[in-house]
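Examination of the molecular architecture
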Amino acid sequence: MVDLSIRLAGVELKNPIIPASGTFGYGREFAELYDLDILGSFSWKGTTGEARLGNPQPRIAEAPAGMLNAVGLQNPGVDMVIQEEIPNIAKIFHGPVIANVGGFSVEEYVENCRKLEACSQVAILEVNISCPNLHAGGKNFGCDPVAAAEVTSAVKEATRKPVFMKLTPNVSDIAEIAQACANAGADGLCLINTLLGMRIDLKTRRPLLANRTGGLSGPAVFPVALRMVWDVYQAVDIPIIGCGGVSTAEDAVEMMLAGASAVEVGAANLRDPYASKKIVEALPDLCERMGVEHISELTGGAHHG
Amino acid sequence: MKQSIFTVSEIRQLTADTYAVSLDGDTEAITAPGQFVDIALPQKYLRRPISVGDWSLGHLLLLVKEIGEGTRELVHLSKGTELDILSGLGNGFDMDDCGSAPLLVGGGIGIAPLYGLARSLKERGISPTVVLGYRTGADIFFAREFSDLGCRVLMATEDGSAGTKGFVTDAILNARDVARDYLMACGPIPMLKAVWNLPGVRDGQFSLEARMACGFGACVGCTISTVNGPRRVCKDGPIFRKEELVW
């Protein structure tokens, strides 16, 4: 019997598989399809202080082995999430939840995290300093080590919950940003967010997305994400949630071997609504074939020996 | 919603760019005309949302216009190809609230979901009049199939080669005896707005389309603004009431 349980900054998850923010809403749509309790956790839709409608249409495009999105942080706002979604999450999922928190100023990040402090099911705050879709705000924090550290320490002072900073890959040296967050007191890191990209429509000769650019996700980004997890694992000592193009149990194991303690599954949930469930179900056999008794022993395995 | 495997049983070319794609599979999740299916294609990452043309136990009919790489792949699949399909997506048309003689208005490939709607309405003893708009006479598809259901069919072509010359609104205004207090329409947004603005239109249901990633409400990629706030075309629609739309 393989032990799939893992620990993230003191939070125990029954397995390392976590649907990624922005691909799982607040769980409602997937709870209609399967019992969410099979999951280690899930990271809810990036939530900001005020409700946001997001970007104009169209905001989705196909890409080779993946997709682009320019949703633009559409969400009902943190107060509505606390009022409407958290009570519903308590009904459909009984494990620890990861709250993805967005913001457009240090004060907004702090305020959002404060508001979530009393929500006992929220076990980890995943601070999104990396959404590439916005014209201002989030993007800048994640691209600058000083700004990333500033958000990290401000949020850390405002909460007792573990704080994981979600990093953007759209930087020249992600390890530098990771170190800045770690030095500022982050309990962990989540990487990567989407890679900035675009498509052009041959008929109109204009960018396909109304926002012009969008975030690339899906299998296309997997090797990039894996390499960045590898680099960050060598640079910091705090746990990493690996995210980016994971579609199979094999991908998840690769991500752990590169240095991830847990793995987020994103675009795959949109292509196959049962993707996260199927990955969890495939892990025991895969681990057994690999001679792994405790899945946590995979973390960073590719760096040794 | 249900995820299951459908098998391509026949693909019949109707016009230069429009095809009838017949599939065999479990259609139990489809509960109303106007719903759609989301098809995983072997060479595409995102599923392709396609409205249900018609369905019966074990059979699914899609009317597909080749407009891009995804639809091109779909209409050129060979017989026997197995496809992973999410079925029974979206709300579908509400047939309990459309009166005894709704006017069905379709433009181009927007005609597709109206076929299953017309068939379902006829089975309930409701007799719709159907208005079909095409670019040219060569683009006409399924006009006879609507007649075969026993529906009165009005037609408009932009070049005047068949039916009224002009748009569906011209065909409706030409036929003075057509009741148009209740509309059920699908087609390009300018067409939907034009029929919505016809004098005498009291209420109606409009089928919208949007680029989608998931098709089941999770990614909110297809959100539009309505008078009731943001709504997902895939999950809260694709059928919207006249009073909900911000036009």
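Refer to the structure printed above.
The structure reproduced in this document is the subject of the present report. It should be emphasised that the depicted structure is a prediction, and the values quoted were computed from it without experimental measurement. (Residues numbered from 1 in each chain as written. Chains lettered and ligands numbered in written order. Predicted model: local features only at pLDDT ≥ 70, side-chain atom pairs only at ≥ 80, totals over all residues. Heavy atoms only, no water.)

As for the overall build of chain A
A tally of helices and strands in chain A yields 10 helices and 15 strands. The C-alpha radius of gyration of chain A comes to 18 Å, within 12% of the 19 Å expected for a compact globule of 305 residues. Taken along the three principal axes of its C-alpha coordinates, chain A extends 55 × 45 × 40 Å. Nonlocal contacts in chain A, meaning residues at least 24 apart in sequence, comprise 72% of its contacts between residues at least 6 apart. Summed over all atoms, the accessible surface of chain A reaches about 11,600 Å², with 52% contributed by carbon and sulfur. Once the 24 positive and 35 negative side-chain charges of chain A are each reduced to a mean point, those two points are 8 Å apart. (Helix = DSSP H or I, 4+ residues; strand = E, 2+ residues; numbered from the N terminus. Rg over C-alpha atoms; globule rule 2.2 N^0.38 Å. Contact = heavy atoms within 4.5 Å. Areas by Shrake-Rupley, 256 points an atom, 1.4 Å probe, with all protein chains shown as cover. Lys, Arg positive; Asp, Glu negative; His and termini not counted. Charge placed at Lys NZ, Arg CZ, Asp CG, Glu CD.)

Details of the sheet that holds strand β8 (residues 103-107) of chain B
Residue and element names in this part refer to chain B. With mixed pairing, seven strands are arranged side by side in an open sheet as β11-β10-β9-β8-β12-β13-β16. Bordering the open sheet on either side are β11 (164-165) and β16 (239-241), each of which pairs with just one other strand. Note that β8 and strand β9 (residues 129-134) share five bridges and pair parallel. Within β9, the position partnered with Gly 107 by the bridge is Gly 133. Its contacts with the sheet place helix α2 (residues 112-123) against β8 and β12 (182-186), and it is angled at close to 160° to β8. The strands touched by helix α5 (residues 189-196) within the sheet are β8, β12 and β13 (203-207), with β12 carrying the most contacts at an inclination of about 170°. (Pairing = 2+ DSSP bridges. Axes fitted to C-alpha atoms, helices over the stretch in contact; angles between N-to-C directions.)

Structural notes on the packing of aromatic side chains
For the structure shown, the criterion picks out 11 aromatic pairs over all chains. An angle of 75° between the planes, with centres 5.8 Å apart, marks the rings of Tyr134(B) and Phe141(B) as edge-to-face. Judged by relative accessible area, Tyr134(B) falls into the buried class, the value being 3%. When its relative accessible area of 3% is taken as the criterion, Phe141(B) is described as buried. Feature note: the residues Phe24(A), Phe30(A), Phe42(A), Phe93(A) and Phe216(B) constitute an aromatic cluster, connected by ring pairs. Here the basic side chain of Arg119(B) rests over the ring of Trp55(B), its NZ or CZ set 5.0 Å away from the ring centre. (Phe/Tyr/Trp six-rings, centres within 6.5 Å; stacked < 30°, edge-to-face > 60°. Buried < 20%, exposed > 50% of the residue type's maximum accessible area, 1.4 Å probe, protein only. Lys NZ or Arg CZ within 6 Å of the ring centre and 35° of its normal.)

Side note on the interface of chain B and chain A
On the chain A side, the residues contacting the 28 residues of chain B number 34 residues. Interface area, chain B with chain A, both sides summed: about 2,500 Å², of which 56% is carbon and sulfur. Considering only the surface of chain B that becomes buried against chain A, Tyr45(B), Arg211(B) and Phe216(B) emerge as the three largest contributors, covering 30% of it. At the junction of chain B and chain A, the tally comes to three salt bridges. The salt bridge involving Glu32(A) is made with Lys235(B); its shortest N-O contact spans 3.0 Å. Put simply, chain B and chain A have 17 residue pairs in polar contact (both at pLDDT 80 or more) between them. Elements with a contribution of two residues or more to the side of chain B that touches chain A: β14 (223-226) and β15 (229-232) of chain B. Of the residues contributing to the side of chain B that touches chain A, the split by class is 17 nonpolar, five polar and six charged. (Buried area = accessible area lost by both parts, 1.4 Å probe. Salt bridge = Lys/Arg side-chain N within 4 Å of Asp/Glu carboxyl O. Polar contact = N/O pair within 3.5 Å; in protein donor to acceptor, adjacent residues only side chain to side chain. Nonpolar A, V, L, I, M, F, W, Y, C, P; charged D, E, K, R; others polar.)

Describing unusual backbone geometry
The linkage connecting Gln57(A) with the following residue, Pro58(A), adopts the cis geometry, with an omega of -5°. In this fold, Pro58(A) is placed in the loop between α1 (28-31) and β4 (60-63). Of note, the bond from Gly237(B) into Pro238(B) is cis; its omega dihedral lies within 30 degrees of zero at 10°. Relative to the elements of secondary structure, Pro238(B) occurs in the loop between β15 and β16. Backbone geometry at Val220(B) places phi at a positive 50°, although glycine is not the residue there.

Focus: the pairing of β8(B)
Residues and elements named next belong to chain B. Here β8 lies mainly inside the structure; five of its five residues are buried. Here β8 shows no split at all, with Leu 103, Val 105 and Gly 107 on one side and Leu 104 and Gly 106 on the other all buried. Pairing of β8 with β12, which is carried by four bridges, proceeds in the parallel orientation. Each bridged residue has a counterpart across the sheet, and for Leu 103 the counterpart in β12 is Leu 183.

The values reported here are purely geometric and, on their own, carry no functional implication.
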